[in-house]
Amino acid sequence: MKLSLFRWLLLLLLVSDSARAEPLPQLTDEDRARLQQLLSKQEHPDRSGFLEYHAEGSELKIRMYLFDSKENLADTYTIEKLCEDQNADEPLTAIVFCFLGNPERSQLAFAGQGAAEVLALDRRKMLKSAIIKAMEKSDHVMQLEAFIVELSISLFWLESKRAETLAAQAAEGSRELAGKAWASGNGVEKVEVVTAIDASGFSVLKSHLHWIILGFLSLLCLITGCVFGWLIWTRSRRYHFPVVETPERLGASYAAGVGAVIAFHKKLGSPSSQRNQVPDYLKRA
Amino acid sequence: MAGALRLKERQKLERLLDEFQTSFPQLFFSVYYGALEDRANIRQFGLWLLNHAAYEDLDIGRPNDGGILLLVDLNTKVASISFGYMLDSFLTEENTFNILAKAHPHLLQGNHLKAASVIVKQLSRVLRRKSRRAILQQKVFGPPSNQSSGSANALERIRSNRSAKEQAKSKSDQTTRAKSEEIEP
């Protein structure tokens, strides 16, 4: 009975590179598609190509089963059973049952690692938006194309959301570990490993904060020491002048140096207006 | 000092002058605050004072040749700088005028301590530069002619009211120095 049902089942398996191994060993995807005659010779590679394109850019793969619009599936062959059969260690995969010409019957489920974390609400929203997009088209194949494209977009957003959640969890974990390491005064290497996973610049900075402060203080001490040393050296330095025998002038034994004179009896008399007032008889010969 | 500075200000100024003299072992800086007559010429007075003044608190190693005298006439409100022969080749009238000009605002305000501080610091800066340059030139072009010993003898005569012990010591120092000069080529 199962075998006859399976033979009647017009199944087209279009999977991405990583999830192409649905058991029908004697037939290739193309053979099956040709046999079932759901898609034309040109349409099959088009849809397959898009799924491969999606698989290249996303870690969240799509495994799609294509049926005729009126196909009735056996009770034992449900999408939930397919998900259960899939190994939990495998990467997260979206399993889709599509009914060509009847997109409202489409089903979506997730299998693999982290499948339980995908909310049912999110899954329903994704399926609903894909169905709505498919319903906008009149042609069956175009409906299928719109459905896949919309599903791919939804999966991209789901993947981004999951990445953010994982990053937040990793950051939280690293903060906790860094706090423990800081409190205990050791385990710096451990913190470094966690922050490398976290890849958060702030966490790295925080984990090295005490070294940064220590380095800054050392630099400050060094600069202060240099400045003090320079000041001491400057103050202790002695300046000498070469003694030159100068002929006496004006009968003066020690000094005939004509220095400047400046008056400060009125505020309006600026220094510049008093420049060059040396009498001729005092000028140096 | 003619009451130009208070006791604390005077002490501060003395410390400043001591620092100057520590940095320049051949030189000394003196400040004269006085009230000259209207007819008196401050330049002539500075010239006369530096040649005839006997500085009792200075050692013999600092002849009046290396003296710098800041004269401030509080009567006519004029300030002047005179200097000895040792600085003849290193200080110009322009240098001293620029230094006085920087102290001019403080002189106008009657803040004589600040004015003297500015003058001493600015002069120190100029003299440090000149000294470095002179020593460098001496290294490149060789030493200048010998120092005249006549002025040193006359100085000793001027500072006659020193203690006999100090005088004897200074004499022995001088003779030692003269001998060493004779020995050296």
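Residues numbered from 1 in each chain as written. Chains lettered and ligands numbered in written order. Predicted model: local features only at pLDDT ≥ 70, side-chain atom pairs only at ≥ 80, totals over all residues.

I'd like a rundown of the overall build of chain B, residues and numbers included.
If you tally the helices and strands in chain B, you get 6 helices and 3 strands. Helices (α) and strands (β) of chain B occur, in sequence order from the N terminus, as α-β-α-β-β-α-α-α-α. Counting across all 185 residues of chain B, residues that qualify as buried make up 30%. (Helix = DSSP H or I, 4+ residues; strand = E, 2+ residues; numbered from the N terminus. Buried ≥ 20, exposed ≤ 12 C-beta atoms within 10 Å, placed from the backbone.)

Which residues make up the sheet that holds strand β2 (residues 67-73) of chain B, and what values go with them?
Overall, mixed pairing links the 4 strands, which are arranged β5(A)-β3(B)-β2(B)-β1(B) in an open sheet. The open sheet has two free edges, formed respectively by β5 (261-263) of chain A together with β1 (28-34) of chain B, since each of these has just one partner strand. Across the sheet, the mean angle from the axis of one strand to that of its neighbour is 15°, orientation sign disregarded. Bridging between β5(A) and strand β3 (residues 78-83) of chain B involves 3 bridges; their strand directions are antiparallel. (Pairing = 2+ DSSP bridges. Axes fitted to C-alpha atoms, helices over the stretch in contact; angles between N-to-C directions.)

Go over the packing of helix α1 (residues 7-23) of chain B against helix α4 (residues 112-141) of chain B with me, naming the residues and quoting the values.
All names here are of chain B. The interhelical angle for the contact between α1 and α4, taken along N-to-C directions, is 5°, at an axis separation of 10 Å. Relative to α4, the element α1 is oriented roughly parallel. Of the residues in α4, those in contact with Glu9, Lys12, Leu13, Leu16, Leu17, Phe20 and Ser23 of α1 are Leu113, Ala116, Ser117, Val120 and Ser124. (Parallel < 35°, antiparallel > 145°, perpendicular 65-115°, else oblique. Contact = placed C-beta atoms within 7 Å.)

Just give me the short version of the interface of chain B and chain A, but keep the residues and values in it.
Taken together, the contact pairs 52 residues of chain B with 29 residues of chain A. Contributions of two or more residues to the side of chain B that touches chain A are made by α2 (42-52), β3, α3 (93-109), α4 and α5 (150-158) of chain B. Per-element tally for the side of chain B that touches chain A: the top contributor is α3(B), with 8 residues. Here the residues of the side of chain B that touches chain A sort into 26 nonpolar, 20 polar and 6 charged. (Nonpolar A, V, L, I, M, F, W, Y, C, P; charged D, E, K, R; others polar.)

How would you explain the packing of helix α3 (residues 43-57) of chain A against helix α6 (residues 140-184) of chain A if you had to name every residue and give the values?
Residue and element names in this part refer to chain A. For the pair α3 and α6, interaxial distance at closest approach is 11 Å and the crossing angle is 0°. With respect to each other, α3 and α6 are oriented roughly parallel. Across the interface between the two elements, Glu43, Arg47, Phe50, Leu51 and His54 of α3 pack against Val141, Leu144, Glu145, Ile148 and Ser152 of α6.

If you had to explain the confidence of the model for chain A to someone new, which residues and values would you point to?
Residues and elements named next belong to chain A. When pLDDT is averaged along chain A, the result is 76, and 77% of the positions lie at 70 or above. Across chain A, element-level confidence peaks in helix α9 (residues 209-236) with a mean pLDDT of 92 and bottoms out in helix α1 (residues 2-8) with 40. Overall, residues 1-25 carries pLDDT values under 50, and its contacts beyond four positions in sequence, including any with other chains, amount to 49 contacts. (pLDDT = per-residue confidence, 0-100.)

Any chance you could break down the nonpolar core for me, citing the residues and the numbers?
Counting 42 residues, the largest nonpolar core has Ile262(A), Ile68(B), Leu70(B), Ala79(B), Leu100(B) and Ile119(B) as its most contacted members. Mapped by element, the contributors of at least two residues to this core are β5 of chain A together with β1, α2, β2, β3, α3 and α4 of chain B. For this core, the element with the most residues is α4(B), which contributes 6 residues. Sequence-distant contacts of Leu100(B), that is, excluding residues within four places in its chain, are made with Ala260(A), Ile262(A), Ala79(B), Ile81(B) and Ile119(B). (Core = buried A, V, L, I, M, F, W, Y, C linked by C-beta atoms within 7 Å.)

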